[in-house]
Amino acid sequence: MSSPSPYRRGGRLRRACDLCQQKKIRCDYNGEFDCETCRLAGVQCTLTRKSPPVRKSTRERLAEATAKIRELEALLTVQRGQKLAHTHKSGFDDKTITLTDDSSSGYLQDPHDLSANLAMFQNHIAFCGVGAAGSAKRNAVCSTVYQQTSCHLNIDSFLRSLPNAFGPWNSEKVLTQKWPSNALVQLCINEYLRTGLYSVFPIANTEVLQALLDDNILERQRQSTPVANVACVVAFTALITELHRLEPEFSDADPDAYLRAVLALLPQLITEDAGLRTLETITVIFVYLIPLGHTPSADLLLAVAARIIYRLGGHRYSVIREPEGKHLRALFWLCYCLDKELSIRFGRPPSINDIDCDLRLPDNYIVSWSDDRFLHRPLSSQRLLYPSDLRLSMIKSRIYTLLYSEQGRAQPEARRLQYIRELDKELNDLKFKFPESCWPDIFATEEVPDYTFHDLSLHGVNLHLEYYFCLGKIHGAGDYSSQSSPQGWSFLPSSAELVYQESRTMLVYVSRIRRFLNWHTFWLHAQFILTAVVSLFWHLVTSPNAPSFNRDIQVLEKIAETFSELDRESRATRRFAPFFFTTCLTKKLVFLAKQAYTKANSR
């Protein structure tokens, strides 16, 4: 092989010797005789030949930059995970680890912790139509309330005062990490298959899980197996035991402790080469966290899962032809559903962009609207249902993109009006595909008999609430709270009326599904309920002379009464603070609405 030529960047021949290069002076070296500088210095003239710098293509440089960004993202995640799980043990055979510091509990905090629940509640309130603390929107809302009622409303101050009213609270707790037994893992696999739960939560390939369990994966040392293989088994067990926590067979299980064990592995899991087992683990963790109200942590993990999906090709329909491809595609749709839900709830850009994805529905997806979606029916792993309807998730994606993204908000008023009408039609067309006996309108009245709700499933309740929430988001895109009264809504008065009607209907519906409300479902529905409470209050305080005022006040009072009853009932076991917070906030808004009525009629 020939030695490298003395070329510099740009292709010019390097003629200066080493000494002249060092001194940065002109050199008369010609390759045969020493240069004048070297002769005067009494040294031999040398020219060290260096390999020319390799010119990389734009694609290569872009790939390197992308890899560096991912490395930095992983590092940030690891640092956060280490901060949250600094008591990680060196081997899988450490069965139980006691934690006493909140920071070491990972993303998982006690769901009954008072301070954690207050922080979650404040986070949700900021996205319910009143804006974040200190924002222009929050100031405009409080200013209008003062105008209409002559009373000051400081939402944050009011919420911060609630723990004192809540009463004594014991915050001491001991948090543990545990590995489940092989027998418990086997029971979870069997139950997952028996109930057909894969239909709603396609979180695991049970054939692979069974093979890992048969290989005694929980007893092997970390050096002999990828962390993801262990983590996916433990995370799966945590979620299944949590879903079946009320059944006698799982009475001795400790799902929170199992999940904390997985969270302790998170730093190592993130730094491994991500595969399907990694994706399963991350997916299970955020599915577990969302009902506990840990939305920011779940959102972070969802973003990690989206990146893994892109890397594995799950966003392409053609991946189904690869080994475990159908399962990967099922995980893609599960993440897609939850991503679009969090995007529209909390006004953040989606982690999975429609333009990057093949959105062809799964072959075994239940396309036709049937009673299976709304009523209690046996599930089958061969038919995919998902937590929400995939077509409704696509509408959520369009709602955010067209109305709430930066580009959507920058559109002219006429174009946004067109989008509102188009999205309203899409949503209405989807509703007409519901079985006629399952239309949400039928359930959301005070007159409908109680037996109508008897066979309604939690899946059906969620679909009804999502429908009303989407309707409100479509017609609430005009940001009406910046105006002082409905008459001032210049954007689309008909939409303003629909926002009010949707809020009222949502709250009537919530008061009728009392048996579905508990601390396990509160954070699933909190955004729907609190947004409707704030929206109906806004209508009352800005239209105190409306003919429907007394009727609407009764709706809000019914919600306050419902959550007051839930609060009283929770004291029998362990009190759940968000019930109390919702009761107090609703009562406060009722009081202000009545003040607006009194002021309007005293003029």
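Report on the accompanying structure. (Residues numbered from 1 in each chain as written. Predicted model: local features only at pLDDT ≥ 70, side-chain atom pairs only at ≥ 80, totals over all residues. Heavy atoms only, no water.)

## Some remarks on the packing of helix α21 (residues 522–542) against helix α23 (residues 577–601)
As a packed pair, α21 and α23 sit with axes 9 Å apart at the nearest point and diverge in direction by 10°. Here α21 lies roughly parallel to α23, going by the angle between them. In this structure, α21 uses Phe-522, Trp-523, Leu-530, Val-533, Phe-537, Leu-540 and Val-541 to contact α23, whose residues at the interface are Pro-578, Phe-579, Thr-582, Thr-586, Leu-589, Leu-592, Ala-593 and Ala-596. Of the residues in the contact of α21 with α23, the class split is 13 nonpolar, 2 polar and no charged. (Axes fitted to C-alpha atoms, helices over the stretch in contact; angles between N-to-C directions. Helix = DSSP H or I, 4+ residues; strand = E, 2+ residues; numbered from the N terminus. Parallel < 35°, antiparallel > 145°, perpendicular 65-115°, else oblique. Contact = heavy atoms within 4.5 Å. Nonpolar A, V, L, I, M, F, W, Y, C, P; charged D, E, K, R; others polar.)

## Let's talk about unusual backbone geometry
For Ser-150, which is not glycine, the phi torsion reads 65° and is therefore positive. With respect to the secondary-structure elements, Ser-150 resides in the loop between α5 (136–149) and α6 (155–166). Positive phi, close to 60°, is recorded for Asn-216, a residue that is not glycine. With respect to the helices and strands, the residue Asn-216 is situated in the loop between α8 (206–214) and α9 (227–243). Given a relative accessible area of 32%, Asn-216 falls into the partly exposed group. (Buried < 20%, exposed > 50% of the residue type's maximum accessible area, 1.4 Å probe, protein only.)

## Comments concerning the side chain of His-459
Position of His-459 relative to the elements: it lies in helix α19 (residues 458–475). Among the polar contacts listed, one links the side chain of His-459 to the backbone oxygen of Tyr-386, at a separation of 2.6 Å. Sequence-distant contacts of His-459, defined by excluding residues within four places in its chain, comprise Arg-373, Leu-385, Tyr-386, Pro-387 and Ser-388. (Polar contact = N/O pair within 3.5 Å; in protein donor to acceptor, adjacent residues only side chain to side chain.)

## Quick look at α8
Three or more residues of α8 are buried, namely Thr-206, Leu-209, Leu-212 and Leu-213. Burial along α8 is one-sided: seen end-on, the buried residues are contained in an arc of 120°. Exposed residues on α8 whose side chains face more than 90 degrees from its buried face are Glu-207 and Asp-214. Those residues of α8 hidden inside the fold are in contact with α7 (182–195), α9 and α12 (276–289). (Arc of directions from axis to C-beta.)

## Description of the nonpolar core
Soluble globular proteins tend to bury their nonpolar side chains together. Of all hydrophobic cores here, the largest spans 91 residues; its most connected members are Phe-121, Ile-399, Leu-403, Leu-456 and Leu-507. Top contributing element to this core by residue count: α21, with 14 residues. Setting aside chain neighbours within four positions, we find Leu-456 in contact with Phe-374, Leu-375, His-376, Phe-443, Val-461, His-464, Tyr-509, Arg-515 and Phe-516. Listed in part, the 82 residues of the second largest apolar core include Leu-212, Tyr-258, Ile-352 and Leu-385. (Core = buried A, V, L, I, M, F, W, Y, C linked by side-chain atoms within 4.5 Å.)

## Regarding the packing of aromatic side chains
For the structure shown, the criterion picks out 25 aromatic pairs. Plain terms: the ring middles of Tyr-192 and Phe-236 are 5.2 Å apart, the flat faces sit at 90° to each other, and that makes the pair edge-to-face. One end of the pair, Tyr-192, is in helix α7; the other, Phe-236, is in helix α9, with 44 residues separating them in the sequence. Here Phe-576 and Phe-579 contribute two aromatic rings whose centre-to-centre distance is 5.0 Å and whose plane-to-plane angle is 75°, an arrangement assigned as edge-to-face. Of the two residues, Phe-576 and Phe-579, both sit in the buried class. Every member of this aromatic cluster is reached through a ring pair, and the members are Trp-519, Phe-522, Trp-523, Phe-563, Phe-576 and Phe-579. Directly above the aromatic system of Phe-432 lies the positively charged group of Lys-431, at a separation of 5.2 Å from the ring centroid. Just above the ring of Trp-439 sits the side chain of Lys-431; from NZ or CZ to the centre is 5.3 Å. (Phe/Tyr/Trp six-rings, centres within 6.5 Å; stacked < 30°, edge-to-face > 60°. Lys NZ or Arg CZ within 6 Å of the ring centre and 35° of its normal.)

## A word on the pattern of salt bridges
All told, the structure shown has 25 salt bridges when counted by the stated rule. Notably, a salt bridge pairs Arg-348 with Asp-299, separated by 2.6 Å at the nearest N-O pair. Of this pair, Arg-348 sits in the loop between α14 (325–346) and α15 (390–404) while Asp-299 is found in helix α13 (residues 295–312), placing the two residues 49 residues apart along the sequence. What makes Arg-348 buried here is its relative accessible area of 12%. Of the charged contacts, one joins Asp-389 and Arg-391 as a salt bridge, the two residues approaching to 3.0 Å between their closest N and O atoms. Here Asp-389 and Arg-391 have matching classes, each one buried. One network of salt bridges, with partners in common, ties together Glu-341, Arg-345, Lys-396 and Glu-466. (Salt bridge = Lys/Arg side-chain N within 4 Å of Asp/Glu carboxyl O.)

Shape descriptors only; they carry no functional weight alone.
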